[in-house]
Amino acid sequence: MDLEELIHNCKNGNRKAQAELYRRYSGVLFGMCLKYSRNKTEAEDNLHDSFMTIFDKVDQFGFKGSFEGWIKRITVNTVLQKYRKNQYLNVVSENIEDEIEVETEDTDINLSTLLGYIQELPHKYRLTFNLYVLDGYSHKEIGEMLGTSTGTSKSNLARAKAILRDKIEKAKINIA
């Protein structure tokens, strides 16, 4: 079944088509959910919620642009909405004026370790870091997505980078 037929069948509530859509895209969307979640269980919950929203809104997809891009956007928005609702994104202060750069000078840190460090970040820092560094959103866009100001986005990114830098430095000391 081609993608257009699959989407039409999902719009008509066909369970087999929904299962096929899940099979095709769950891996990609689960990877996205992992970026924004603290652990695998939370990512699985976020994936489930995302697919529920996708199936609920699939009739709104108008075949303009990429379907995969559309479902990725729904996934990010579903996860962010959950965190906004649970008020994980409240910020204490916006007093950081300049961004702090993380420099790892000759540090060979494996990807799974780095991703683990990112997942350990507090929600507001992890979300901002992922949206800015990994997904390429601007601070203005992040502020709009998270319901915060541009300054809060910059502050949260700087704090996330500082925490990651400290964890990387501690790992370097433990290796040496």
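Scroll up to find the structure.
Cut-offs and rules
Residues numbered from 1 in each chain as written. Predicted model: local features only at pLDDT ≥ 70, side-chain atom pairs only at ≥ 80, totals over all residues. Heavy atoms only, no water. Helix = DSSP H or I, 4+ residues; strand = E, 2+ residues; numbered from the N terminus. Expected span 1.5 Å × (residues − 1). Buried < 20%, exposed > 50% of the residue type's maximum accessible area, 1.4 Å probe, protein only. Core = buried A, V, L, I, M, F, W, Y, C linked by side-chain atoms within 4.5 Å. Contact = heavy atoms within 4.5 Å. Phe/Tyr/Trp six-rings, centres within 6.5 Å; stacked < 30°, edge-to-face > 60°. Salt bridge = Lys/Arg side-chain N within 4 Å of Asp/Glu carboxyl O.

### A look at helix α6 (residues 123-134)
The periodicity of an α-helix, 3.6 residues per turn, causes residues three or four places apart in sequence to face the same way.
Item 1. The first and last C-alpha atoms of α6 sit 15 Å apart over 12 residues, in line with the 16 Å expected at 1.5 Å per residue.
Item 2. Counted residue by residue, α6 has nine buried out of 12 residues, so it is predominantly covered.
Item 3. All of the buried residues along α6 are His123, Lys124, Tyr125, Arg126, Leu127, Thr128, Phe129, Asn130 and Leu131.
Item 4. Within two residues after α6, Gly136 carries a phi angle of roughly 80°, on the positive side.

### Observations concerning the nonpolar core
Item 1. In terms of nonpolar packing, the biggest core is built from 31 residues, with Leu29, Ile54, Phe67 and Leu131 touching the most fellow members.
Item 2. Counting residues per element, the ones that place at least two in this core are α1 (3-11), α2 (15-36), α3 (40-57), α4 (67-85), α6 and α7 (139-146).
Item 3. Residues in contact with Ile54, not counting those within four places in the same chain, are Leu21, Leu29, Trp70, Ile71, Ile74 and Thr75.
Item 4. Among the nonpolar cores identified, the runner-up in size contains 10 residues, and Leu121, Leu157, Ala160 and Ala171 belong to it.

### Brief notes about the packing of aromatic side chains
Item 1. For the structure on display, the rule yields seven aromatic pairs.
Item 2. Summarising the aromatic geometry, the rings of Phe61 and Phe63 are spaced 5.2 Å apart at their centres and angled 65° between planes, so their arrangement reads as edge-to-face.
Item 3. On the accessibility criterion, Phe61 (4% relative accessible area) is buried.
Item 4. Residue classification places Phe63 among the partly exposed positions, given a relative accessible area of 32%.
Item 5. Considering the side-chain rings of Phe61 and Trp70, the 5.3 Å spacing of their centres and the 55° angle between planes classify their relative orientation as tilted. Comparing Phe61 with Trp70 shows no difference in burial state: the two are buried.

### Digging into the pattern of salt bridges
Item 1. Taken as a whole and judged by the stated rule, the model has seven salt bridges.
Item 2. Measuring nitrogen to oxygen at the nearest pair gives 2.5 Å for the salt bridge that ties Asp135 to Lys35. Placement of Asp135 in the loop between α6 and α7 and of Lys35 in helix α2 is noted, with a sequence separation of 100 residues between them.
Item 3. The class for Asp135 is partly exposed, based on a relative accessible area of 29%.
Item 4. In this structure, the salt-bridge partner of Arg38 is Glu42, at a minimum N-O distance of 2.8 Å.
Item 5. Looking at Arg38, the relative accessible area reads 43%, which means it is partly exposed.
Item 6. Note on Glu42: relative accessible area 10%, which makes it buried.
Item 7. It is possible to trace a salt-bridge network through shared partners that takes in Glu20, Arg23 and Arg24.

### Thoughts on unusual backbone geometry
Item 1. In this model, Phe63 sits at a positive phi of 60°, which is unusual for a non-glycine residue.
Item 2. Looking at the secondary structure, you find Phe63 in the loop between α3 and α4.

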